[in-house]
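# Examining the three-dimensional arrangement
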There are 2 protein chains.
Amino acid sequence: MAVLRSFVNGAWQAPADGVPVRDAVTGEEVARVSSDGIDLAAALEYGRRVGGPALRELTFHQRAALAKSLALMLREHRDELYALSARTGATRSDAMIDVDGGIGVLFAYASRAKRELPNDTVVVEGAVESLSRGGTFVGQHILAPRTGVAVQINAFNFPVWGPLEKLAPALVAGVPTIIKPASQTAYVTARLVELIVESQILPPGSVQLVCGSVTELLDHLDEQDSLSFTGSAATARRLRSHPAIVARAVRFNAEADSLNCSILGPDAAPGTPEFDLYVAQLVTEMTAKAGQKCTAIRRALVPVAWMDAVVGAVHERLQAVVVGNPADETVRMGALASLEQREEVRRAVKELAAGCRIVSGDPEHVSVTGADPERGAFLSPILLRCDDSGRPEPHTVEAFGPVSTVIGYHDAAEAIALAARGRGSLAGSVVTGDPDFARTVVVGLAPWHGRILVLDRTAAAESTGHGSPLPALVHGGPGRAGGGEELGGVRAVLHHLQRTAVQASPDMLGAITGRWVSGGTRRTDEHPFRKSLAQLRVGDAVVAGPRTVTLEDIEHFANFTGDTFYAHMDEAAARANPFFDGRVAHGYLVLAFAAGLFVQPDPGPVLANYGIDNLRFLTPVYPGDELTVTLTCKQISPRDGDYGEVRWDTVVTKQDGSVVAAYDVLTMVAKEWTP
Amino acid sequence: MAVLRSFVNGAWQAPADGVPVRDAVTGEEVARVSSDGIDLAAALEYGRRVGGPALRELTFHQRAALAKSLALMLREHRDELYALSARTGATRSDAMIDVDGGIGVLFAYASRAKRELPNDTVVVEGAVESLSRGGTFVGQHILAPRTGVAVQINAFNFPVWGPLEKLAPALVAGVPTIIKPASQTAYVTARLVELIVESQILPPGSVQLVCGSVTELLDHLDEQDSLSFTGSAATARRLRSHPAIVARAVRFNAEADSLNCSILGPDAAPGTPEFDLYVAQLVTEMTAKAGQKCTAIRRALVPVAWMDAVVGAVHERLQAVVVGNPADETVRMGALASLEQREEVRRAVKELAAGCRIVSGDPEHVSVTGADPERGAFLSPILLRCDDSGRPEPHTVEAFGPVSTVIGYHDAAEAIALAARGRGSLAGSVVTGDPDFARTVVVGLAPWHGRILVLDRTAAAESTGHGSPLPALVHGGPGRAGGGEELGGVRAVLHHLQRTAVQASPDMLGAITGRWVSGGTRRTDEHPFRKSLAQLRVGDAVVAGPRTVTLEDIEHFANFTGDTFYAHMDEAAARANPFFDGRVAHGYLVLAFAAGLFVQPDPGPVLANYGIDNLRFLTPVYPGDELTVTLTCKQISPRDGDYGEVRWDTVVTKQDGSVVAAYDVLTMVAKEWTP
């Protein structure tokens, strides 16, 4: 049988022999896995020397485009990946979660990076911090890609989604990746990486694959590398305390399976839509991927009064679950990943049974459709019931398979306390139609959870369910769940960057960030609206005014727009207002007059005002006040196509120098302009 | 001699005897230190059971007020703390950095929390994420205080600033603290905590003190606790791999002293202001706190051509540094913290001398003013010079005292590479007047640094210097510097919170976050401008319109405001614009008309419009279009005093339902209103 190849140092390599991996359904050998003799230190060095520099030459947007190309390419190969997945015991629907889910993460990061990250190589984060009275010394944070390799160690249960959900943020960040799949399902991941490598979409060194052990590689991790692990809590512990990781403060992220709970609200009595949603979701979470999900519901916390009803309804639905060969269309739940995995689950069920009793299913027997029950890793879904909430087993023993335990609670406080006994979870859910219960429980659960789903009849049709991590939301949880955080939109990209505070004079800071900083030099020689994006520079500015605001202006504006708010129209009422000494000009009038002052009216490269950010009215404008506006080019963001975005720092002052309004005006400006 | 008391479990306790701690200047015993027999597990439990719940009942603003009260109280006791600090070898100016700096962090967090955190117990972070096409399923992140204890292990060099820079963010976050000072200077921290406890400003259990060893305490850390360490890289390693920390994924932050560099730019030739700034800063960093700062400059990277000039100028200034008893006013540099500390520095200098040579100072001899040179831990400032940049010593050996090494470089790339050989630093600086050099070096250094100062003649007068962490900027660095991050404004508060993704229907999410979510229910029974803050609820809304925009309106507005931009006035030019099909209404006109529609003009509880956030113009408005505006109360933020802030979700649509503009209107609303 062929040994799976690793892709390191720019070449596919395989040792002569390895450990056999078997088909979860038939028991046939699928491949052998080993990294013997593969130079893993060289793989790291290749990533650092070749992959990193090539990726860091690109902007976030360019790397996002690569992620999108990858996703489009992989979408064409879904059927092949589905077929391989079936050998891991996955049903078609399990495989779609894995394959389509993984491709979806690539798409999500591609589009999000374009929206939320700059078309640049460095992220400028947060506001400019004033560090001195005189304004000559300021600070701001920048985030730059780390120069190491992102090593990922994956779990067996999601051989496509697992690598891709870690790859997408690293790729967008500009950090090369080494993928290490779990041996049990490594043949799926190996094919995934073959597709990526063959496509030649990514620069050389961006993605490498190590099938087999990476123990030797870990010794070579350095201060700029990161290690991201998904799997068991025990392995997470071993990795976290690895000498190289400890000595070099290597960034380490763990996402470990946890004893997630789902709470049924007291309002969700049998007969309500929420009760049915709870039962259906619990059955789904028990049987999807044969319960082999880090996020699956292990503990079903239900009001004591409805334990019988929940147990009865879940049992009834579980009876209808057809277990067997995923190739058979009637099959709802496939095999566990391996016979060893099944043995582990059986052992865990035995432990659980010391404090709970089995109320549905039989760990030793299952009726199997379309496969040999002896050769395939099949297991019946198993529901347990714990009537003594003081027992430790359901809160400490994890059966990583189609196994859940129903536990009763008396009130919200007890539900929260029971949830916390899991000592940290990736995901929790609350099924309730009662907003007060939801708020109490969510806030109580939050310190122990990375994600909490609140399910009610309104959200039901579109809910993605308890168990599904989403690219937009963080995935990870405290304590037993590993204490890590993945996904969560651009947060995951930022994890691959180093945050650095930069302190400097305004002009120097501006030179470093590419953004004009308040207090920096302004150039007012030519009206900046006459400059194309190619000609414009940050710091180009126009100062215009003064224009006097009269009482007639205010009344005229009020009557024209209909905005006859008392502060503009009624002297006594305005005076009674704590902010004003009398009738004031409309904020919108100030904005309109400011635009009237700063605009250059002739056709030119400025195409449109598409928005305003962070507008604050700081000093009231009274009749007779004179307004001056200063508009300064703050940031220039070229986009694909013929134009780009320009952000203008805008300050309106009055005759005494006080600031009336400060805001950013956002415009589109043509890259080229010929009058 | 008295044994320093610890404050745990609500009481001051001291063992019978402990390890002696000596005056750094006179060698006299100051106190004894031990935690023998103190129940440290109980201290943790007391923090969790008593301190945490009391703090979590308060809002971020209320806790910020406590931080401010603490700062005001401590300010009254500065002289006492200065006097104690002198016994640690600190000069008055060293003590001010420590004491005033620490109090400054409290003030900074107090004011920043009021500005940047909600007056609530949970932080809502980031945008609402759309998770479904139909809009019935959405997500958002919340951050809730963790329910454990923040344990801090401090370094000896800043016995006041160290504990306070860790306490301030934890306190604001709502997390109780256990302070463990370094024994060498524990008597200063012990007095600090006495002042805090005696003041009774904080709820019981908020702050505890353990003088002596906390080894036993670490075993009891759990999933909700955190450990924050400042000190040596070796101790950081030991703590990071502590079994309890590893097993329970305890949040661990390390800030270790590092081999920080300061780079002289090629433009900063001898004779330039930047050259002088470089030399003066290097001498300051070598001698302040007798060089016992994690952020001090250990490596002076200078253009090869100017090594002689730098060495000469630094040597000349070091000659003028008076070393001795801090009580003597002529003394510029005090003692090291202890004789043991001095021996360590001497050993390190010997190691350094294998690859460098001493060009100023003598590790074995120093002239001392006002003290006995045998009893006090005095040391001469020592400058080394490394002419072989290939030598490892200056990049690996840290002498934690008044010791720096001058190293030559040839170009920016070499300077960046040499800097990286420190394998991760807390702080770096670049002294240059050349923006291009600054940008190149800062971006190159960024992956290896937590903070980088760019110093030039403009910033010089107000610069806070290479070595000073500031509350607004992150403190910490990758790799050797510990891989941690402290301070950085509210980021440090967020480190004490758990980020949790919440998924729900819009109304349910709104109930949990207290903010109206787009897609949620609106109530339009009464105009919300008629409701006081006490009456107003999120979701209260007004829908107003339609109003037709005419060409006359556009021309009138243009002539009135002066905004005669071609897109409003010139049909042909507007058509030529890629965004418009003809003349369009001003965005500012749309805003003004929208306000005219949604405003309720009578005197009422709405006091002022103080701003607009996130305004985007999404669809052009042409003559004949009809505008409708929907204004929905999105967030209510009561403040101290008679009013609060109300954020209104504002959407302007036109006749076909397309969204013309979307933004948040910010108003002040009176808490009570009697017509």
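Our subject is the structure that appears above.
These remarks concern the structure in this document.

Thresholds applied
Residues numbered from 1 in each chain as written. Chains lettered and ligands numbered in written order. Predicted model: local features only at pLDDT ≥ 70, side-chain atom pairs only at ≥ 80, totals over all residues. Heavy atoms only, no water. Helix = DSSP H or I, 4+ residues; strand = E, 2+ residues; numbered from the N terminus. Buried < 20%, exposed > 50% of the residue type's maximum accessible area, 1.4 Å probe, protein only. Contact = heavy atoms within 4.5 Å. Areas by Shrake-Rupley, 256 points an atom, 1.4 Å probe, with all protein chains shown as cover. Lys, Arg positive; Asp, Glu negative; His and termini not counted. Charge placed at Lys NZ, Arg CZ, Asp CG, Glu CD. Phe/Tyr/Trp six-rings, centres within 6.5 Å; stacked < 30°, edge-to-face > 60°. Lys NZ or Arg CZ within 6 Å of the ring centre and 35° of its normal. Pairing = 2+ DSSP bridges. Axes fitted to C-alpha atoms, helices over the stretch in contact; angles between N-to-C directions. Core = buried A, V, L, I, M, F, W, Y, C linked by side-chain atoms within 4.5 Å. Least-squares fit on C-alpha atoms with pLDDT ≥ 70 in both. Buried area = accessible area lost by both parts, 1.4 Å probe. Salt bridge = Lys/Arg side-chain N within 4 Å of Asp/Glu carboxyl O. Polar contact = N/O pair within 3.5 Å; in protein donor to acceptor, adjacent residues only side chain to side chain.

## Observations concerning the overall build of chain A
A count of helical and extended segments in chain A gives 22 helices and 28 strands. Based on the C-alpha atoms only, the size of chain A along its principal axes is roughly 90 × 60 × 45 Å. Out of the 675 residues belonging to chain A, those deemed buried represent 63%. Restricting the contact set of chain A to residue pairs at least 6 apart, pairs at least 24 apart contribute 74%. Entry remark: accessible area of chain A is about 22500 Å², with carbon and sulfur atoms responsible for 50%. In chain A, which carries 62 positive and 78 negative side-chain charges, the distance between the mean positions of the two groups comes to 3 Å.

## Here we look at the packing of aromatic side chains
The tally for this structure, following the rule as stated, stands at 22 aromatic pairs over all chains. On the numbers, 4.9 Å between centres and 50° between planes, the contact of Phe-7 of chain B with Trp-12 of chain B is tilted. Among the aromatic residues, ring-to-ring pairing joins Phe-529, Phe-598 and Trp-648 of chain A together with Phe-565 and Tyr-566 of chain B into one connected group. Here Lys-289 of chain A stacks its cationic end above the ring of Phe-158 of chain A, 5.0 Å away from the centre of that ring. One Lys or Arg, Arg-63 of chain B, reaches over the ring of Phe-60 of chain B and ends 4.7 Å from the middle of that ring.

## Here's the deal with the sheet that holds strand S6 (residues 138–145) of chain B
In any sheet, the strands associate via hydrogen bonds between backbone groups, in a parallel or an antiparallel arrangement. Reading across from one edge, S15(A)-S17(A)-S18(A)-S13(A)-S12(A)-S19(A)-S20(A)-S23(B)-S6(B)-S5(B) is the order of the 10 strands in this open sheet, with mixed pairing throughout. Where the open sheet ends on each side, the last strands, each with one partner, are strand S15 (357–360) of chain A together with strand S5 (123–130) of chain B. Strand-to-strand twist of the sheet, defined as the mean angle between neighbouring strand axes without regard to direction, takes the value 25°. Across 3 bridges, the pairing between strand S20 (residues 449–455) of chain A and strand S23 (residues 497–504) of chain B is parallel. Bridge pairing in S23 of chain B links Leu-453 of chain A to Gln-503 of chain B.

## Let's talk about the nonpolar core
Of all hydrophobic cores here, the largest spans 100 residues; its most connected members are Tyr-588 and Phe-598 of chain A together with Tyr-588 and Phe-598 of chain B. Other than its neighbours up to four places away in sequence, Phe-598 of chain B contacts Tyr-588 of chain A together with His-527, Phe-529, Val-542, Ala-544, Val-629, Leu-631, Thr-650 and Val-665 of chain B.

## Points about the pairing of strand S27 (residues 643–654) of chain A
All names here are of chain A. Where burial is concerned, most of S27 is hidden: 10 out of the 12 residues are buried. Hairpin geometry of strand S26 (residues 626–638) and S27 is characterised by an intervening segment of 4 residues between the two adjacent antiparallel strands and by a positive phi of about 95° at Gly-641. Here S27 runs beside strand S28 (residues 659–670); their pairing, made up of 11 bridges, is antiparallel. When the bridges of S28 are listed, Val-651 appears paired with Ala-662. The turn joining S27 and S28, which pair antiparallel and follow one another in sequence, is formed by 4 residues; a positive phi near 90° is taken by Gly-657.

## Quick look at the relation of the copies chain B and chain A
One chain copy maps onto the other through a rotation about an axis and a shift parallel to that axis. You can overlay chain B on chain A at an RMSD of 0.0 Å; the transform is a turn of 180° with a shift of 0.0 Å along its axis. On the angle and the small slide along the axis, the relation comes out as a two-fold axis. A share of 100% of the interface residues of chain B reappears at the interface of chain A, consistent with the copies meeting face to face through the same patch.

## Re the environment of Asp-436 of chain A
Mapped onto the secondary structure, Asp-436 of chain A falls in helix H15 (residues 435–445). For the pair Asp-436 of chain A and Val-359 of chain A, spaced 77 residues apart in sequence, the C-alpha to C-alpha distance is 32 Å.

## A look at the interface of chain B and chain A
With 126 residues of chain B at the contact, the number on the chain A side is 126 residues. Both faces combined, the contact of chain B with chain A buries some 10300 Å², and carbon together with sulfur accounts for 61% of it. The largest per-residue losses of area from chain B upon contact with chain A belong to Gln-503, Phe-560 and Tyr-588 of chain B, which jointly make up 8% of the total buried on that side. Between Arg-499 of chain B and Glu-485 of chain A there is a salt bridge, with the nearest N and O atoms lying 2.9 Å from each other. Our count for the chain B to chain A interface comes out at 61 residue pairs in polar contact (both at pLDDT 80 or more).

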